[in-house]
Amino acid sequence: LAAVARAALLLYIRESRYSSEPAGKRDHIVVAMAQAIIRRRATERFTVKELAVEVGVSPEHLVRLFREHQGTTPGAVLRKERLARALQLLTRTGLSITEVAHVTGYASSQHFARSLRQATGRSATELRRGSWSGAD
């Protein structure tokens, strides 16, 4: 019952935001629901399978919908959201790199460091120093 209520609320919010857009321009409702859940739960550990169950479709169908409507996968969206939050904490707080990794749902600080370097080409320490010196 709670899942149905949540889905109805998300649908209402989604439809009210895009009521002026033509139907062809809107995201699929399942994709919109999944993105809202990803934003809300980005720092938690959960799988695409769990996300699919929460929005009421199979994992394969969820991935297919994301590829069709977003050109990416739910896992990639989750990683991007998690990394964005981690970057904010890294550059705006005094949390250690290990704490930032833990708070944002990374399995380890090494995994966080690797993901950060892959995405930005810079280490966590370089990014933090640059933000504190005003270089970025």
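Residues numbered from 1 in each chain as written. Predicted model: local features only at pLDDT ≥ 70, side-chain atom pairs only at ≥ 80, totals over all residues. Heavy atoms only, no water.

**Q** When you look at the overall build of the protein chain in this model, what are you seeing that I'm missing?
**A** Along the backbone of the protein chain there are eight helices and zero strands. When the helices and strands of the protein chain are listed from N to C terminus, the series reads α-α-α-α-α-α-α-α. By residue count, 32% of the 136 residues in the protein chain fall in the buried class. Counting contacts in the protein chain only where the partners sit at least 6 residues apart, residues at least 24 apart contribute 50% of the total. For the protein chain, the exposed surface amounts to about 8,400 Å²; the carbon and sulfur share of it is 55%. (Helix = DSSP H or I, 4+ residues; strand = E, 2+ residues; numbered from the N terminus. Buried < 20%, exposed > 50% of the residue type's maximum accessible area, 1.4 Å probe, protein only. Contact = heavy atoms within 4.5 Å. Areas by Shrake-Rupley, 256 points an atom, 1.4 Å probe, with all protein chains shown as cover.)

**Q** Any chance you could explain the nonpolar core here in plain terms?
**A** One recurring pattern in soluble globular proteins: nonpolar side chains tend to sit buried together. With 17 residues, the main nonpolar core has Ile38, Leu51, Val55, Leu62 and Phe66 as its most contacted residues. Contributing elements (two or more residues each) for this core: helix H2 (29-41), helix H3 (48-55), helix H4 (59-70) and helix H5 (74-92). At six residues, H2 tops the list of elements feeding residues into this core. Residues within four places of Val55 in sequence aside, it is in contact with Val30, Met33, Ala34, Ile37 and Leu62. Val100, Ala101, Tyr106 and Leu127 belong to the second-largest nonpolar core, a separate cluster that totals ten residues. (Core = buried A, V, L, I, M, F, W, Y, C linked by side-chain atoms within 4.5 Å.)

**Q** Sorry if this is basic, but what is going on with H4 here?
**A** Think of an α-helix as turning once every 3.6 residues; residues three or four places apart then point the same way. Its twelve residues place the ends of H4 16 Å apart at the C-alpha level, agreeing with the 16 Å of an ideal helix rising 1.5 Å per residue. Where H4 is buried, its residues contact H2, H3 and H5. (Expected span 1.5 Å × (residues − 1).)

**Q** Help me understand the confidence of the model for the protein chain, please; the structure alone is not making it clear to me.
**A** Regions with low pLDDT carry predicted coordinates that are not meant to be interpreted in detail. Confidence in the prediction for the protein chain averages 85 pLDDT; 85% of positions are at 70 or higher. Taken element by element, the predicted model of the protein chain shows its lowest mean pLDDT in helix H1 (residues 2-17) (68) and its highest in H4 (96). (pLDDT = per-residue confidence, 0-100.)

**Q** I tried to follow the packing of aromatic side chains on my own but got confused; where do I start?
**A** Aromatic ring pairs are reported here in terms of the distance separating the ring centres and the angle at which the planes meet. Tallied over the entire structure, the rule returns one aromatic pair. When the ring of Tyr106 is compared with that of Phe112, the centres are 5.1 Å apart and the planes differ by 55°; the resulting orientation is tilted. Each of the two residues, Tyr106 as well as Phe112, counts as buried. The ring of Phe46 is capped by Arg41, whose NZ or CZ atom sits 4.4 Å from the centre of that ring. (Phe/Tyr/Trp six-rings, centres within 6.5 Å; stacked < 30°, edge-to-face > 60°. Lys NZ or Arg CZ within 6 Å of the ring centre and 35° of its normal.)

**Q** Got a minute to help me understand H2 in this structure?
**A** Taking 1.5 Å of rise per residue, the 13 residues of H2 would be expected to cover 18 Å, and the 18 Å separating its terminal C-alpha atoms lies within 8% of that figure. Taking burial as the measure, the 13 residues of H2 include ten buried ones, the bulk of the element. Along H2, the positions that sit buried rather than exposed are Val30, Val31, Ala32, Met33, Ala34, Gln35, Ala36, Ile37, Ile38 and Arg41.

**Q** Just checking my understanding: could you explain the packing of H2 against H5 for this structure?
**A** When two helices pack together, their arrangement is given by the angle between the helix axes and by the axis-to-axis distance. Relative orientation of the contacting elements H2 and H5 amounts to 35°, with a least axis distance of 9 Å. In this structure, the crossing between H2 and H5 has a hand that is right-handed. Packed against H2, whose contacting residues are Ile38, Arg39 and Arg40, the element H5 presents Pro74, Val77, Leu78, Glu81 and Arg85 at the interface. (Axes fitted to C-alpha atoms, helices over the stretch in contact; angles between N-to-C directions. Left-handed = near helix turned anticlockwise from the far one by under 90°.)

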